[in-house]
Amino acid sequence: MPVRLVITDAMWDRIEPLMPADPVRGRRWADHRRTLEAIAWKHRTCSSWRSFPDELGLFQTAHRRLIRWAVDGTRERILAALLAAADADADIGWTDSVDSTVRRAHQHAAGARKKGAPGRAEPDDHALGRSRGGLSRKVHLASDRRARPLAFRVTAGQAGDAPAFETAMATIRVLRGGPGRPRTRPDAVLADRAYSSRANRNRLRRRGIRAVIPQPSDQVGHRLRRGRDGGRPPAFDAEAYEQRNAVEQCINRLEQWRGLAMRTAKLAIAYQAAALHLATILIWTAA
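This section reports on the structure supplied with the text. Values in this document were obtained by computation on a predicted structure and should not be read as measured data.

1. Remarks on the state of the cysteines
Phase 1: Taken as a whole and judged by the stated rule, the model has zero disulfides.
Phase 2: In this model C46 remains outside any disulfide bridge; the closest cysteine sulfur is found in C250, 20 Å from its own.
Phase 3: On the accessibility criterion, C250 (0% relative accessible area) is buried.

2. Structural notes on the packing of helix α5 (residues 161–170) against helix α6 (residues 198–206)
Phase 1: Between α5 and α6, the least distance of the axes is 9 Å, while the angle of their chain directions is 20°. Judged by the inter-axis angle, α5 sits roughly parallel to α6. Contact residues: A162, F165, E166 and M169 in α5; N200, R203 and L204 in α6.
Phase 2: Here the residues of the contact of α5 with α6 are counted per class, giving four nonpolar, one polar and two charged.

3. Things to note about the nonpolar core
Phase 1: Residues L36, F52, M169, L254, L260, L276 and L282 are the most contacted members of the largest nonpolar core, which totals 69 residues.
Phase 2: Each residue touching L282, except ones within four places of it in the same chain, is listed here: V6, I7, M11, I15 and W257.
Phase 3: In this structure, A188, L190, V212 and Y241 belong to the second largest nonpolar core, which totals five residues.

4. Focus on the pattern of salt bridges
Phase 1: Per the counting criterion, the structure on display carries twelve salt bridges.
Phase 2: With a closest N to O distance of 3.0 Å, D91 and R148 form a salt bridge. One end of the pair, D91, is in the loop between α4 (74–88) and β1 (95–104); the other, R148, is in the loop between β3 (134–143) and β4 (149–156), and 57 residues separate them in sequence.
Phase 3: Here R210 and D237 are joined by a salt bridge, their closest N and O atoms 3.4 Å apart. You can see R210 sitting in strand β6 (residues 210–212) and its partner D237 sitting in the loop between α7 (217–225) and α8 (238–241), a full 27 residues away along the chain.
Phase 4: The network of salt bridges with shared partners includes D91, D144, R146 and R148.

5. Here's the deal with the pairing of β4
Phase 1: With six of eight residues buried, β4 is to be regarded as a mostly interior element.
Phase 2: Sheet topology note: the β3/β4 ladder contains seven bridges and is antiparallel. Residue pairing across strands places R137 opposite A156, the latter belonging to β4.

What counts, and at which threshold
- Residues numbered from 1 in each chain as written.
- Predicted model: local features only at pLDDT ≥ 70, side-chain atom pairs only at ≥ 80, totals over all residues.
- Heavy atoms only, no water.
- Disulfide = S-S within 2.5 Å.
- Buried < 20%, exposed > 50% of the residue type's maximum accessible area, 1.4 Å probe, protein only.
- Axes fitted to C-alpha atoms, helices over the stretch in contact; angles between N-to-C directions.
- Helix = DSSP H or I, 4+ residues; strand = E, 2+ residues; numbered from the N terminus.
- Parallel < 35°, antiparallel > 145°, perpendicular 65-115°, else oblique.
- Contact = heavy atoms within 4.5 Å.
- Nonpolar A, V, L, I, M, F, W, Y, C, P; charged D, E, K, R; others polar.
- Core = buried A, V, L, I, M, F, W, Y, C linked by side-chain atoms within 4.5 Å.
- Salt bridge = Lys/Arg side-chain N within 4 Å of Asp/Glu carboxyl O.
- Pairing = 2+ DSSP bridges.

In structure tokens, the structure reads:
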């Protein structure tokens, strides 16, 4: 049965110039396109590495390339270049939505060494948490108005949304085509009640970003009980808040890959910098 490929010629025309060049000396890279297809097939189907079909080559090649590109930041540089090109074409909707998704992790995701993990970005807990339901992971995600990922971070499943809000916002960094610093400030941020805190609102206000975040009932009641000392309620644009479903659509697009919906990778860098970045790159090249 033939393997269904996902990288079209038009998508590859945008990705190929951003791939690492062959070394001046030594052995040349294996076919980049086939390697990307192999990594995508693995995470789309959530199959084991040793189940690779012959058309995609050796699984050892794909696995080694996945870890190498995760450690040296190759996927991040490719995504940054695609975002910069989209921003130059005014193709990014800068009304951003923020949310998170928590899912169970497979038992195969456990067992990585606590020390000596490759890459400086690998957390000590490998972004895995334990609860009554077992192992879990959480992805904190920011998307643009057209339901395309702009930034994400993977944490343990028990991590709170509000404390991770600042980290998720800090990862939004779109390079400019000419001189100048990267753009890190959206026009507005849409988030649900889980992100409603004074600290988050103050951070957005200091950066000149409009916050569209509803208040939960307990915060409303606490403010009313304080009377005048409670101050005025924060501004809330109900019409703009209707666009927050963009981040929900973005999560659904990412989790169509079974390997993203259920994590099986032991290392957080393999799950985030490889699987999530690759899925995001394909979303932006298909746009």
